[in-house]
Amino acid sequence: PVGCGKSTLLRLMAGLYTPHEGRVFLDQMDLTLVARSVLSEQMGYLPQDVRLLQGTVRDNLLLGLPSLSDSMVLEACRKTGLIHALMAHPMGLDLPIAEGGKGMSGGQRQLVALTRLLLQQPRIWLLDEPTAHMDDELERRCTLALAEWMQPGQTAVIVTHKPAVLALTDHLLVMGPQGVLLHGPRDEVLRQLQATVMEHPPGAGARGVVVGAQGAAP
């Protein structure tokens, strides 16, 4: 449910928030001791509400990234489905974008931001409801793209209400207003959730939000 802390959790992991209590560690180092430039290179953070910069699609895809060829950029666009929006406009990658992404739908803004993450290839992926504004087909395409581009040795933490996205994870953390409800291997947690639903039909008990994680090793 709203307000249980899922987005706050990701922002703490990304170093955007400083905890009032306790500390956040990246491996065994306090996150506050890691330079922001290093975090930006290693982490890819996709917020739930994507805001784009005024410029072109190309500008937003390559912001802060080393020079990449158009063929590499277009390949990432094909993987996520952003290519269809580009093909529908005569300017393609030079399609102008207003400040904040005005004129683009929520799903299109998510596609631009997600495609940029594929090009960035971070070692740590922090995704907050990455397919929230997408239909089933676009969600399937983006889930497959993420599965293909995430490499061994990388870590992904994904906040989602979408069961299809759980295929990307190997551990689940279920959150509710009272804190962590369940945590463990994905299939085990899903079995526990199913058993809970059978015992307490919808409306009879508390609902949780699933945070999926893919570790650096199986």
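Scroll up a little and you will see the structure.
Just so it is clear, the model here is predicted, and its values are computed rather than measured.

### Points about the overall build of the chain
Working step 1: Scanning the chain from N- to C-terminus turns up 8 helices and 10 strands.
Working step 2: Taking 17 Å as the expected radius of gyration for a compact globule of 218 residues, we find that the chain reaches 18 Å, a close match to that expectation.
Working step 3: Dimensions of the chain, computed from the C-alpha atoms along their principal axes, are close to 55 × 40 × 30 Å.
Working step 4: By residue count, 41% of the 218 residues in the chain fall in the buried class.
Working step 5: Considering only contacts in the chain between residues 6 or more positions apart, those separated by 24 or more positions represent 70%.
Working step 6: Side-chain charges in the chain split into 18 positive and 21 negative, and the spacing between the mean points of these groups amounts to 2 Å.

### Thoughts on the pairing of strand β6 (residues 124–128)
Working step 1: The element β6 is largely enclosed, with a buried count of 5 among its 5 residues.
Working step 2: Pairing geometry for strand β3 (residues 43–46) and β6, over 4 bridges, is parallel. Its bridge partner being in β6, M43 is matched across the sheet by I124.
Working step 3: Two strands pair when backbone bridges link them, and β6 and strand β7 (residues 155–160) are joined in this way by 5 bridges, in the parallel orientation.

### Topic: the state of the cysteines
Working step 1: The full count for this structure, using the stated rule, is 0 disulfides.
Working step 2: Of all cysteine sulfurs, the one in C142 lies closest to C77, which takes part in no disulfide; the gap is 11 Å.

### Things to note about the packing of helix α4 (residues 70–80) against helix α7 (residues 136–149)
Working step 1: Contact geometry for α4 and α7: axes closest at 7 Å, N-to-C directions at 130°. It follows from the interaxial angle that α4 and α7 lie oblique. Taken together, the residues of α7 that come into contact with α4 (itself represented by A76, R78, K79 and T80) are L138, R141, C142, A145, E148 and W149.
Working step 2: Of the residues assigned to the contact of α4 with α7, the class counts are 5 nonpolar, 1 polar and 4 charged.

### Remarks on α4
Residues spaced three or four apart along an α-helix point in a common direction, a consequence of the helix completing one turn every 3.6 residues.
Working step 1: Along α4, the residues classified as buried are V73, A76, C77 and T80. Seen end-on, α4 carries its buried residues on one side only, within an arc spanning 100°.
Working step 2: Where α4 is buried, its residues contact α3 (57–62), α5 (82–87), α6 (106–120) and α7.
Working step 3: Backbone geometry just after α4 places G81 at a positive phi near 100°.

### Observations concerning the side chain of Q154
Working step 1: Checked against the element boundaries, Q154 lands in the loop between α7 and β7.
Working step 2: Q154 sits in the buried class, given a relative accessible area of 8%.
Working step 3: Among the polar contacts listed, one links the side chain of Q154 to the backbone oxygen of P122, at a separation of 3.3 Å.

### Observations concerning unusual backbone geometry
Working step 1: Located in the positive-phi region is D27, a residue other than glycine, with phi close to 60°.
Working step 2: In this structure, D27 sits in the loop between β1 (25–26) and β2 (29–30).
Working step 3: The phi torsion at E129 lies on the positive side, around 50°, for a residue other than glycine.
Working step 4: Relative to the elements of secondary structure, E129 occurs in the loop between β6 and α7.

### Here we look at the environment of E75
Working step 1: Position of E75 among the secondary structure elements: in helix α4.
Working step 2: C-alpha separation for the pair E75 and L119, spaced 44 residues apart in sequence, amounts to 9.6 Å.

Criteria and cut-off values
Residues numbered from 1 in each chain as written. Predicted model: local features only at pLDDT ≥ 70, side-chain atom pairs only at ≥ 80, totals over all residues. Heavy atoms only, no water. Helix = DSSP H or I, 4+ residues; strand = E, 2+ residues; numbered from the N terminus. Rg over C-alpha atoms; globule rule 2.2 N^0.38 Å. Buried < 20%, exposed > 50% of the residue type's maximum accessible area, 1.4 Å probe, protein only. Contact = heavy atoms within 4.5 Å. Lys, Arg positive; Asp, Glu negative; His and termini not counted. Charge placed at Lys NZ, Arg CZ, Asp CG, Glu CD. Pairing = 2+ DSSP bridges. Disulfide = S-S within 2.5 Å. Axes fitted to C-alpha atoms, helices over the stretch in contact; angles between N-to-C directions. Parallel < 35°, antiparallel > 145°, perpendicular 65-115°, else oblique. Nonpolar A, V, L, I, M, F, W, Y, C, P; charged D, E, K, R; others polar. Arc of directions from axis to C-beta. Polar contact = N/O pair within 3.5 Å; in protein donor to acceptor, adjacent residues only side chain to side chain.

Everything listed here is a matter of coordinates, which is why it stays silent on function.
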